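Here's the letter readout for the chains.
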Amino acid sequence: MTTHEREITAPVDLCLPGGRLDPGAVGWTRRPLHRANLRGWGRRKRWEYWGVVTPRHIVGLVASSLDYAGVYGLYVLDRDTGEEITKDVTVPLARGAVFPERSGAGTAAVRGGGLEIRVDQDPGGATIRATAPGVEVDLRAASPQGHESLGVVVPWGPNRFQYTVKDVGRPVRGRLRLPSGEYAVGEADSFAVLDHGRGKWPYAVTWNWAAGSGPGRAIQLGGRWTDGTGSTENALFLDGRLHKIGDELTWSYDRTGWERPWRITGPRVEVEFHPFHVREARTELGVVGSETHQCFGHFSGRARADDGAWVDLDGLVGWAEEARNRW
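I will try to describe carefully the structure that is included in this document.

Cut-offs and rules
- Residues numbered from 1 in each chain as written.
- Predicted model: local features only at pLDDT ≥ 70, side-chain atom pairs only at ≥ 80, totals over all residues.
- Heavy atoms only, no water.
- Phe/Tyr/Trp six-rings, centres within 6.5 Å; stacked < 30°, edge-to-face > 60°.
- Buried < 20%, exposed > 50% of the residue type's maximum accessible area, 1.4 Å probe, protein only.
- Lys NZ or Arg CZ within 6 Å of the ring centre and 35° of its normal.
- 1 Å grid on protein atoms, 1.4 Å probe; cavity = no way out; pocket = protein on both sides within 12 Å on 5 of 7 lines; lining within 4 Å.
- Points joined across faces, edges and corners; volume = space filled by probe spheres on them.
- Helix = DSSP H or I, 4+ residues; strand = E, 2+ residues; numbered from the N terminus.
- Nonpolar A, V, L, I, M, F, W, Y, C, P; charged D, E, K, R; others polar.
- Polar contact = N/O pair within 3.5 Å; in protein donor to acceptor, adjacent residues only side chain to side chain.
- Contact = heavy atoms within 4.5 Å.

**Quick word on the packing of aromatic side chains**
- Overall, the coordinates contain 19 aromatic pairs when judged by the stated rule.
- Pairing W258 with W262 gives two aromatic rings, centres 6.1 Å apart and planes at 40 degrees, and the pair type is tilted. The exposure classification of W258 matches that of W262, with both residues buried.
- Over the aromatic face of Y75 sits the side chain of R279, whose NZ or CZ is 4.1 Å from the ring centroid.

**Some details on empty space enclosed by the protein**
- Following the criterion strictly, the structure yields one cavity of 30 Å³ or more and no others.
- Taken as a whole, the largest cavity encloses approximately 50 Å³ of empty space.
- Of all the secondary-structure elements, those providing two or more residues to the lining of the largest cavity are β4 (44-53), β5 (57-65) and β9 (115-122).
- Per-element tally for the lining of the largest cavity: the top contributor is β5, with three residues.
- Among the residues forming the lining of the largest cavity, the class breakdown is eight nonpolar, no polar and one charged.

**Some thoughts on the side chain of N234**
- Within the secondary structure, N234 sits in strand β18 (residues 234-238).
- Looking at N234, its side chain comes within polar contact range of the main-chain oxygen of D247, at 2.8 Å.

**Digging into the environment of R79**
- With respect to the secondary-structure elements, R79 resides in the loop between β6 (69-78) and β7 (84-92).
- If near-sequence neighbours (up to four positions away) are discounted, R79 is found in contact with V53, T54, P55, R56, H57, I58, F276, H298 and V317.
- One polar contact links the side chain of R79 to the main-chain carbonyl oxygen of T54, over a distance of 2.8 Å.

Here is the structure:
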């Protein structure tokens, strides 16, 4: 299925004054233009997720509010040894959490259970800092002149909707301090990915997400949660410019063997993803629960740019995941 999405080119509020989705906010953007003026309490979800890939490590940071709880996490994978560091925290009512209304501006900050995450955003990029016992992350993800990101509003209905920004392939520099030592992160071979989310979600949702980065190329692919809404979150990035892919894609993978190759296909996408590490996370808190399988690995295949040319994706590094949530 090919969607027919509208490109938004001027600033817009996500919600009407009463809290319902503004129909004029539905579409996609090349830069953050939506103000997430969410209203009400109980179904709102707000988060900032940063994933960072370096030659030696993969880092994941999440700061999120589900209204009734703040869910924060830090994850580090040593690609050489397979060693994982994980710190997950739940804070009732997300007390003290700060989230900006706009992506790319302001500060997101959370703290609890020995974990602290702070992201300061400005026109030139984002400064990302996190601390946990034995771990310190201090990074700068640049936003180069002309760099584009994919913003999408997904409308399930007037009271259930999501605004997401997927900003892929950002150069990142800084340092990681881990129990195994201190490591420099250099822009020449390291990349950051932002997943900025604001919305009011249904109780039960399953999604797929894949993101891969490399010099001059990046790919962003999503599925399942957007099916049938008329919106997609698929794009190819070439030298920072976004090529929107308006097709619903087919995801093929083995839930009994997550380490086996994944296939993601559509009229403009012919991708294989080859995992080298599988991260599994489960949470069960009565009526609330989640199950995520996030696979880190290499991409191969190709995607078609706006001019019809096929672009080789071989060698991009990133992840593909399935997430199931009751929240």
